Amino acid sequence: MRKPYPAAVLILILAMVLLTMAAAPLPSQKRADRAESLDQTLSPYFIVLSDDPQVDALPLKSTRAEVKIAGVVAEIKVTQVYKNTGQKTLEATYVFPASTRAAVHALRMTIGARVVEAEIMERKKARETYEQAKQEGKTTSLLEQQRPNVFQMNVANILPGDEVQVELKYLELLTPQDNTYEFVFPTVVGPRYSNMAAEGAPDTEKWVQNPYLRQGQAPTYTFGLEVAINTGVPLVKLASPSHDVEVNYSSPNAAKVKVKDEARAGNKDFVLHYALAGEKIDTGLLLYPGQEENFFLLMVEPPARVAADQVLPREYIFIVDVSGSMHGYPLDTAKALMKDLIASLKAQDFLNVLLFESDAAVLSESGSLPATADNQQKALDFIKAQPGGGGTEILSALKRALALPRTPGVSRTVVVATDGYVHVEPQVFEMIRQNLGAANLFPFGIGTSVNRHLIEGMARAGWGEPYVVMNPGQAPQQAARFRKYIENPLLTDIKVSFEGFAAYEVEPTALPDLFGLRPLTLLGKYRGAPEGAIVLKGKTAKGDYARKIQLKEAKASPDNSALRLLWARQRVMQLADLSRLARGQDDQRIQEITALGLKYGLMTPYTSFVAVDKVKRADGQVITVKQPLPLPEGVSDLAVGGSGPHALKAKMSKGGAGWMPYRTAPTKAYDLAVRMPSPSPEGTPSPETAKPEVAEPSAPVKVTVQVSQVKGGLDPAAIQKALEANLPKLAACCEAVLKSGGRLPPEITLTFTVGPNGKVAGKVLPKPPLANQALTQCLGNTVQAISFPSPGKKAGEVTVKLVLTQ
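Residues numbered from 1 in each chain as written. Predicted model: local features only at pLDDT ≥ 70, side-chain atom pairs only at ≥ 80, totals over all residues. Heavy atoms only, no water.

Asks: Help me understand the overall build of the protein in this model?
Replies: Counting its regular elements, the protein contains 14 helices and 42 strands. Looking at the 806 residues of the protein, the share that counts as buried comes to 54%. Once local pairs closer than 6 in sequence are excluded, the contacts in the protein between residues at least 24 apart make up 77%. Surface summary for the protein: the accessible area is close to 34,700 Å², and the carbon and sulfur share equals 52%. (Helix = DSSP H or I, 4+ residues; strand = E, 2+ residues; numbered from the N terminus. Buried < 20%, exposed > 50% of the residue type's maximum accessible area, 1.4 Å probe, protein only. Contact = heavy atoms within 4.5 Å. Areas by Shrake-Rupley, 256 points an atom, 1.4 Å probe, with all protein chains shown as cover.)

Printed below as a string of structure tokens:
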């Protein structure tokens, strides 16, 4: 029989155990500590609501836009309503989008019966004014520009029971394309990929670290929009391709358009199209004779498109984003677009493809391939094999693509397809300017809420044309438009001169080649009497082009005061495009932009609006709430940290407003021994090898479950949770296939019906059907054994994906 330990030894062992327990956090705390140690970059994150009833974690109750369109100018008023239904004083932070062309010129805050007009200030001073008012217990709001299309609203000292309304106003110039006008109102900022260290990040980048809802979850606030259009000639083809709308005509020339479903409308760009009877467009010369400065706007109808004598061969470099944010619907759209673009190439053309996420892969490293039918199919197979996953390292991808060997004797065209969910826009523009050479770049924004600042800026830097493809159905139309523009530009080598007209500070300073059927547009100032002429010259496919516009044809009116702000906005955009990459590295341009913002009362990167209520209403102690944003429609959870090797969870920080953030990268992933095939020496996998193949167990692939679509009374988050609880069983089904020498596809889509009792009713169907019947049966049995939440009285339909990413 073993002798008992001496008392001193037992005491020592007990002390060591207690120390170990004290040093080792509980499981949930351990995951939080792990998050803090691993998550050192600016990254968006998912949120879950805490149980603190004293904190209203959703202070933004509604956003409403009132739009008035008259002629070529849109006036927009956006009203945000914040209400504190909790018991503690709040500071609300809300990141929201606007048009890339928005000239934001006014901000107003209303608390009860008190109305406070905001002041425009230098950015740093505005922030200091806001922080001081917050500490003094005064209700205050601050509007800052983080990007030309991304703004951040801060509202502090929202007392329990308070309702605070903040109104901002902006103007926008509308330019028709192919005789059709388009008005776009973005509703949500998509999650931005970032590899920037959080510690020491400049204030212009910290907005990237914002909370998001899960895929399929509706916005926590309502979104309403009403557009009033008044034109000089009858309206035709008035419709929204993005939202279900109600249209009421008061006359043939005037109509009101209203969004119907305000509960779910705020997760994608609102797009409105309209045309004028007889395919007319508003053109001409407008003048605004101001008290101190005079302004003009010239919109000249472009020349008719004429057929070129011959279509020369071209080299096409296709750069396709296959990152996590492109997974699913956006990547399906990009693949449909690439199919239309590549299939239309001529035999004398050349092509190459680069795919990128965290890394990049090239179809042919040695140079572009002749666009034969076989090589077109190789390119399409190369693209089709990608399921989407990983980060969005667009800078390294562009650098590699633009350095690919050029085909001698032909013009190069670069095509980029991406959702633009990055925060390195200035670096991207600089990369294109420095490395594009004698080529044009045409970016295609993919999805329902793309980063239009990146897409439009890439087109300007690359002397090309921007496109947005919201769904696969739009791919053929946009591909045909691209082909027409490339093969036959309307006008090139455009030059502007002034005869007897004292114009100055004209924007843009240089007009790019005109590919699309849209007016040539100039904004500028002039001195003295408006006389003389403006002369435009260029080249068409048939020869020289010249047009002279006499100033006597101009329409001068004090009602054209919008030209003052539109010119200032255009000037700011031009200076910002040319400025150095980092704040503080181009003092001259920064000072010029700041001066423009202060002089014209305009939001810029270096000027902000701040409103301060003079009444002290609180003690300055606030809980800060970051308003969570919905994922844009069609964007999967992989867009939010969906590329990393670990799942993370973080503590709610002090003042975290009742939300507990956590990151998934991806959620509860399980390793499987699957690897993607290596490309051939030419970089081109054949159709036979462009499939996953069985590998040694040391080459893992992550498997995650994604909820793609839910119909009926089911909660997507609850479905996700139930499936994640059974991931080991689903993974075991896949492992059995590999052990038997079988192959797995990059992703598996399953559809099934959940009955009122929470059980699966009927079969679990893979789409398309799987070749391996054993895998079909195993996955079906696993899903059928899961107890889901009840959808209510009627059954609910569910579509999920098992995604395999390396």
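From this point on, the discussion continues.
Asks: Is there a simple way to explain the sheet that holds strand E14 (residues 235-239) in this structure?
Replies: Backbone-to-backbone hydrogen bonds pair the strands of a sheet. The strands run either parallel or antiparallel. Ordered in space as E11-E17-E14, the three strands form an open sheet in which the pairing is antiparallel. Two strands close off the open sheet at either side, each with one partner strand: strand E11 (181-185) and E14. Pairwise comparison of adjacent strand axes, ignoring direction, gives a mean angle of 15° for this sheet. Pairing geometry for E11 and strand E17 (residues 270-276), over five bridges, is antiparallel. Paired with Tyr181 across the two strands is Tyr274, which belongs to E17. (Pairing = 2+ DSSP bridges. Axes fitted to C-alpha atoms, helices over the stretch in contact; angles between N-to-C directions.)

Asks: Explain the pairing of strand E30 (residues 533-540) here, please?
Replies: The side chains of a regular strand alternate, first on one face of the sheet and then on the other. Here strand E27 (residues 492-499) pairs with E30 via six bridges, running antiparallel. Directly across from Phe498, in E30, lies its bridge partner Ile534. Judged from the eight bridges that link them, E30 and strand E31 (residues 543-550) form a sheet pairing that is antiparallel. Across the sheet, the residue bridging to Lys539 is Asp544, located in E31. Here E30 folds back onto E31, and the loop between the two strands holds two residues.

Asks: Please clarify how the confidence of the model for the protein should be interpreted in this entry.
Replies: Atomic detail in the predicted coordinates should be set aside for any region of low pLDDT. When pLDDT is averaged across the protein, the result is 83; 84% of the residues are at 70 or more. Element-level mean pLDDT values for the protein span from 23 in strand E35 (residues 648-649) up to 98 in strand E7 (residues 119-122). Every residue in residues 1-5 scores below 50 in pLDDT, and together they form one contact with partners more than four places removed in sequence or on other chains. Contacts from residues 8-39, a stretch scored under 50 in pLDDT, to residues over four places away or in other chains number 20 contacts. (pLDDT = per-residue confidence, 0-100.)

Asks: Could you clarify how one ought to interpret the state of the cysteines in this entry?
Replies: Defined simply, a disulfide is a covalent bond joining two cysteines at their sulfur atoms. Counted by the stated rule, this structure contains one disulfide. Bridging Cys733 to Cys778, the disulfide has an S-S length of 2.0 Å. Between Cys733 and Cys778, the disulfide has an S-S torsion of -75° and is therefore left-handed. Of this pair, Cys733 sits in helix H13 (residues 727-739) while Cys778 is found in helix H14 (residues 773-784), placing the two residues 45 residues apart along the sequence. Overall, Cys778 belongs to the partly exposed group, its relative accessible area being 27%. (Disulfide = S-S within 2.5 Å.)

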